[in-house]
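# Structural overview
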Amino acid sequence: MPSASSDSSRPAPSSLWRDADFRRLWLGQTASQLGEHASLVVLPLLAVLTLDAGAGGLGVLRAVGQAPVLLLSLFAGAWVDRWRTRTTMVLADAGRALALGAVALACLFGRLGMPGLYVLAFAVGALSVFFDVAYQASLIRLVERDQLLRGNSALEGSRSAAQIGGPALGGALVSLLSAPIAAASGALFFALSFLSIRRIRRAEAVRERPEDAPRVRQQIHEGLRFVARDTVLRAVCLASAAFQFSFAAMMTVYLLFLPRELQLSGTVVGLALAAAGPGALLGSLLAARLPSRFGHGTVLVCAAALGDGVFLCVPALHGSSAVTFPALLVVGFVFGFGGQLVNVTIMAVRQAVTPDGMQGRAAATITFAGMGLTPLGSLSGGFLAGEWGLRTGLLVAAAGMMLSPVVMALSPLARLGRELPAPRGGPPGG
């Protein structure tokens, strides 16, 4: 596959937002993320309000929707490296729009049951895996290397906004209209993404596959081996795994600690969690500038230490005092700021060091390694809360989150300077 820098049709660094294709990608990705995060609320509410699902059925529904991350991430990475990212994203959007449309129609005509909802939730989750891997790989094929931070900052900023607005929008649609109509409205977001991304005109340089091209299993193995052998990507993988495991454990205890130990209402808990959104938006904006000023390694380590370490303050809070709620807002904001600064910077580094033909597999491998430990982290958080108590369990889990910045500080990531590193060699035929 030709080098990313060899495409003279790409926009100049100063004209990123004036490039129509980048705007189409941004709009499509924003609409897609809104639809995805709204559906995470709409489908469970539909199950509870329309199908009278109990706790067990709702738990299965959530698990079925999350399962594709573990089951399909590596396959999606190999697929994206074989096909044009535009094609993958368009097909994923069309499939998700049809799936949510089918949910709405089946519900309106009284034909929807929990088994059918499980199938459609799995389909939406599976197609979201393909879309997310494809959009992460698409930017390197669309813009120049020195635009990666700006491009990722814009895309991750819209994703942060969708994480804030999507669930709220989904809940509002269910409350104001109905669950079936809310599902149909979610389908409209995927349709909008489909129409926007379909209009991208810049051709992607995807190399023709020879007759003896490696099978998908071999391509997945090449992706795993490439990430494992590259010191920078291996560090990204280890730091992500450490964070996701500890964060899942911490959130399990945190969601019990706030209402039970601090006696906070559901509304206050929701506001405390939502405070991460504005922080993430600020982190996305500053991620386009801070690494080129202070160095990518310095920003990564400091932002991770700040964002993860702020939760060490939470076990010191007691009761619903006048200090508790503002302190929780600050904790959420700082966590969102540091976390998003890390996300944008680490994605730019990963894209920069990875050859074009390995973009999808590298993204999928890191996602698989990080998210694969999430269920174990959640179980560990429940064990800590049950055996050691909420306050001690929260402190231990929060301390575990500091493993991520420690891994970064001891790895080649900490030595990255103001310029993004050069691409590494990929496997033959990769």
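Below is a summary of the structure that appears in this document. Bear in mind the structure is a predicted one, so any value in this text is a computation, not a measurement.

## Examining the overall build of the chain
The number of helices and strands found in the chain is 17 helices and 0 strands. The proportion of buried residues among the 430 residues of the chain is 53%. Taking the intrachain contacts of the chain between residues at least 6 apart in sequence as the baseline, contacts between residues at least 24 apart amount to 90%. Taken as a whole, the chain presents about 18500 Å² of accessible surface, with 66% of it coming from carbon and sulfur.

## Details of the packing of helix α7 (residues 216–229) against helix α14 (residues 359–371)
A packed helix pair is summarised by two numbers, namely the angle formed by the two axes and the spacing between the axes. Running from N to C, α7 and α14 point in directions that differ by 70°, and their axes come no closer than 9 Å. Here α14 runs roughly perpendicular to α7, going by the angle between their axes. From α7, Gln-219, Glu-222, Gly-223, Leu-224 and Val-227 reach across to α14, where they touch Arg-361, Ala-362 and Thr-365. Taken together, the residues of the contact of α7 with α14 sort by class into 3 nonpolar, 3 polar and 2 charged.

## Observations concerning the nonpolar core
Residues Leu-148, Met-408 and Leu-413 are the most contacted members of the largest nonpolar core, which totals 56 residues. Broken down by element, the residue count for this core peaks at 10 residues, all from helix α4 (residues 114–142). For Met-408, the contacting residues outside a window of four places in its chain are Ala-239, Leu-300, Val-301, Ala-304, Val-342, Leu-413 and Ala-414. Formed by 28 residues, the second largest nonpolar core is a distinct cluster that contains Phe-243, Phe-257, Ala-276 and Phe-335.

Cut-offs used in this document
Residues numbered from 1 in each chain as written. Predicted model: local features only at pLDDT ≥ 70, side-chain atom pairs only at ≥ 80, totals over all residues. Heavy atoms only, no water. Helix = DSSP H or I, 4+ residues; strand = E, 2+ residues; numbered from the N terminus. Buried < 20%, exposed > 50% of the residue type's maximum accessible area, 1.4 Å probe, protein only. Contact = heavy atoms within 4.5 Å. Areas by Shrake-Rupley, 256 points an atom, 1.4 Å probe, with all protein chains shown as cover. Axes fitted to C-alpha atoms, helices over the stretch in contact; angles between N-to-C directions. Parallel < 35°, antiparallel > 145°, perpendicular 65-115°, else oblique. Nonpolar A, V, L, I, M, F, W, Y, C, P; charged D, E, K, R; others polar. Core = buried A, V, L, I, M, F, W, Y, C linked by side-chain atoms within 4.5 Å.

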